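Each chain, written out:
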Number of protein chains: 2
Amino acid sequence: MDLDRSLVSGSMALLVLKLLEERDLYGYEMMETLRARSDDTFHLKAGTLYPLLHGLEEKGLVTAYEREAAAGKPRRYYHLTDQGRCALTEKEASWHRYARAMHRVLKGGACCAGA
Amino acid sequence: MDLDRSLVSGSMALLVLKLLEERDLYGYEMMETLRARSDDTFHLKAGTLYPLLHGLEEKGLVTAYEREAAAGKPRRYYHLTDQGRCALTEKEASWHRYARAMHRVLKGGACCAGA
DNA sequence: CCTCCTATATAGATATTCGATATATCGGAT
DNA sequence: ATCCGATATATCGAATATCTATATAGGAGG
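In what follows, the accompanying structure is described. What you are looking at is a predicted structure, and each value in this text was computed from that prediction instead of being measured.

**Some points on the overall build of chain A**
Here's step 1: Tallying secondary structure elements over chain A gives 5 helices and 3 strands in all.
Here's step 2: Listed N to C, the secondary structure of chain A is α-α-β-α-α-β-β-α in terms of helices and strands.
Here's step 3: Within chain A, buried positions represent 45% of all 115 residues.
Here's step 4: For chain A, long-range pairs separated by at least 24 residues make up 49% of all intrachain contacts whose partners lie at least 6 apart in sequence.
Here's step 5: As displayed, chain A has an accessible area near 6200 Å², and 50% of this comes from carbon and sulfur atoms.

Rendered as structure tokens:
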């Protein structure tokens, strides 16, 4: 299932990319935004997010820059590149394809004989 | 993400359980049915399916029985137990919750500021 | 002073799925 | 007669994603 492997398991990458489409964000902010946006369904953990962000940076899908915060540690902001925007479009399409197929199997029960 | 871990990565279990809700099936049949039902989106492989079925059997979600085929090797049919039916209901609910959250993040873009 | 909240980071563990390989039988092609 | 492909089940090792736990560091509040 190439679709599954890189997408549904890797849905976090899609979600992060999607958030960055709107504006630049730093890691901690992403966790909170995602939780709020998904109505507390997605609990993206630090141990998942930061390695993921480093991976996206390596692949050239995002760029990073640091900026001082009013207080506390400096924040590392991430920005979506053109390549990242392209990858996002693909991942979104894959997600829709996956969700559609899922729906087809789940609804296509005993009653209507498929198609 | 407990939701994600046991559901979206484990969507194969949900799909298999769903197929068995309708009628008893043997492994090879599931692979073909799933491919057809999902319009060629899901390509469940033998190396994924058989260990999965053994796992479901161990957990008591399905029972198995062998039956001779007209030709070739005897087929191992799987039957959904009450417990399996219960697990299916839960997994379906989880899937809907996940898909809904996903949709909320993907649509809730720059335009409408969320809610 | 200690703890909690913010903020980033890494290492180890766990789970899911895939690819490769093995077995066995049948039908068709060479 | 033999080889190959399709049916049918099974197992092992590898790759990948995510989590838990832990570490660092500054600021705020008790």
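Now that the structure has been shown, the text picks up again.
**Focus: the side chain of Thr81 of chain B**
All names here are of chain B.
Here's step 1: Looking at the element boundaries, Thr81 is found in the loop between β3 (75–80) and α5 (82–107).
Here's step 2: Reaching out from Thr81, the side chain makes a polar contact with the backbone oxygen of Gly60 at a distance of 2.7 Å.
Here's step 3: Within polar-contact distance, the side chain of Thr81 engages the backbone oxygen of Leu61 at 3.0 Å.
Here's step 4: With near-sequence residues (within four places) excluded, Thr81 lies in contact with Gly60, Leu61, Val62 and Thr63.

**Considering the pattern of salt bridges**
Side chains that differ in charge, positive against negative, can pair when their charged atoms come close.
Residue and element names in this part refer to chain A.
Here's step 1: In total, this model carries 12 salt bridges over all chains according to the counting rule given.
Here's step 2: Ionic pairing is found between Glu92 and Lys18, a salt bridge with its closest N-O pair at 3.3 Å. Taken together, the residues Glu92 in helix α5 (residues 82–107) and Lys18 in helix α2 (residues 11–22) connect sequence positions 74 residues apart. Exposure class is identical for Glu92 and Lys18. Each is buried.

**A short note on the packing of helix α3 (residues 27–37) of chain A against helix α4 (residues 46–58) of chain A**
Helix-helix packing is described using two parameters, namely the angle between the two axes and the distance between the axes.
Residue and element names in this part refer to chain A.
Here's step 1: Across the interface, α3 lies against α4 with an axial gap of 10 Å and an inter-helix angle of 125°. Here α4 runs oblique to α3, going by the angle between their axes. In the crossing of α3 with α4, the sense of the turn from one axis to the other is right-handed. Residues Gly27, Tyr28, Met30 and Met31 of α3 form the contact with α4, whose participating residues are Ala46, Leu49, Tyr50 and Leu53.
Here's step 2: Classifying every residue of the contact of α3 with α4 by side-chain character gives 7 nonpolar, 1 polar and no charged.

**Looking at helix α4 (residues 46–58) of chain B**
Residue and element names in this part refer to chain B.
Here's step 1: With 13 residues, α4 extends 18 Å between its outermost C-alpha atoms, agreeing within 8% with the 18 Å of an ideal straight helix rising 1.5 Å per residue.
Here's step 2: Listing the buried residues of α4 in full gives Leu49, Leu52, Leu53 and Leu56. Axial view of α4: buried residues confined to an arc of 105°, hence all on one face. Opposite its buried face, α4 presents the exposed residues Gly47 and Glu58, each directed more than 90 degrees away.
Here's step 3: Gly60 sits one or two positions beyond α4 and adopts a positive phi of about 80°.

**Structural notes on α5 of chain B**
Here's step 1: Helix length check: α5 of chain B (26 residues) gives 37 Å between terminal C-alpha atoms against 38 Å at 1.5 Å per residue, within 8%.
Here's step 2: Residues of α5 of chain B that are buried: Gly84, Ala87, Leu88, Glu92, Trp95, Tyr98, Ala99, Ala101, Met102, Val105 and Leu106 of chain B.

**What to know about the environment of Leu25 of chain A**
All names here are of chain A.
Here's step 1: As for its placement among the helices and strands, Leu25 is situated in strand β1 (residues 25–26).
Here's step 2: A residue is classified by how much of its surface remains accessible, and Leu25, at 2% relative accessible area, is buried.
Here's step 3: Once residues within four sequence positions are removed from consideration, Leu25 is found in contact with Leu19, Leu20, Met30, Arg76, Tyr77 and Tyr78.

Definitions and cut-offs
Residues numbered from 1 in each chain as written. Chains lettered and ligands numbered in written order. Predicted model: local features only at pLDDT ≥ 70, side-chain atom pairs only at ≥ 80, totals over all residues. Heavy atoms only, no water. Helix = DSSP H or I, 4+ residues; strand = E, 2+ residues; numbered from the N terminus. Buried < 20%, exposed > 50% of the residue type's maximum accessible area, 1.4 Å probe, protein only. Contact = heavy atoms within 4.5 Å. Areas by Shrake-Rupley, 256 points an atom, 1.4 Å probe, with all protein chains shown as cover. Polar contact = N/O pair within 3.5 Å; in protein donor to acceptor, adjacent residues only side chain to side chain. Salt bridge = Lys/Arg side-chain N within 4 Å of Asp/Glu carboxyl O. Axes fitted to C-alpha atoms, helices over the stretch in contact; angles between N-to-C directions. Parallel < 35°, antiparallel > 145°, perpendicular 65-115°, else oblique. Left-handed = near helix turned anticlockwise from the far one by under 90°. Nonpolar A, V, L, I, M, F, W, Y, C, P; charged D, E, K, R; others polar. Expected span 1.5 Å × (residues − 1). Arc of directions from axis to C-beta.

Shape is all these values report; function is a separate question.
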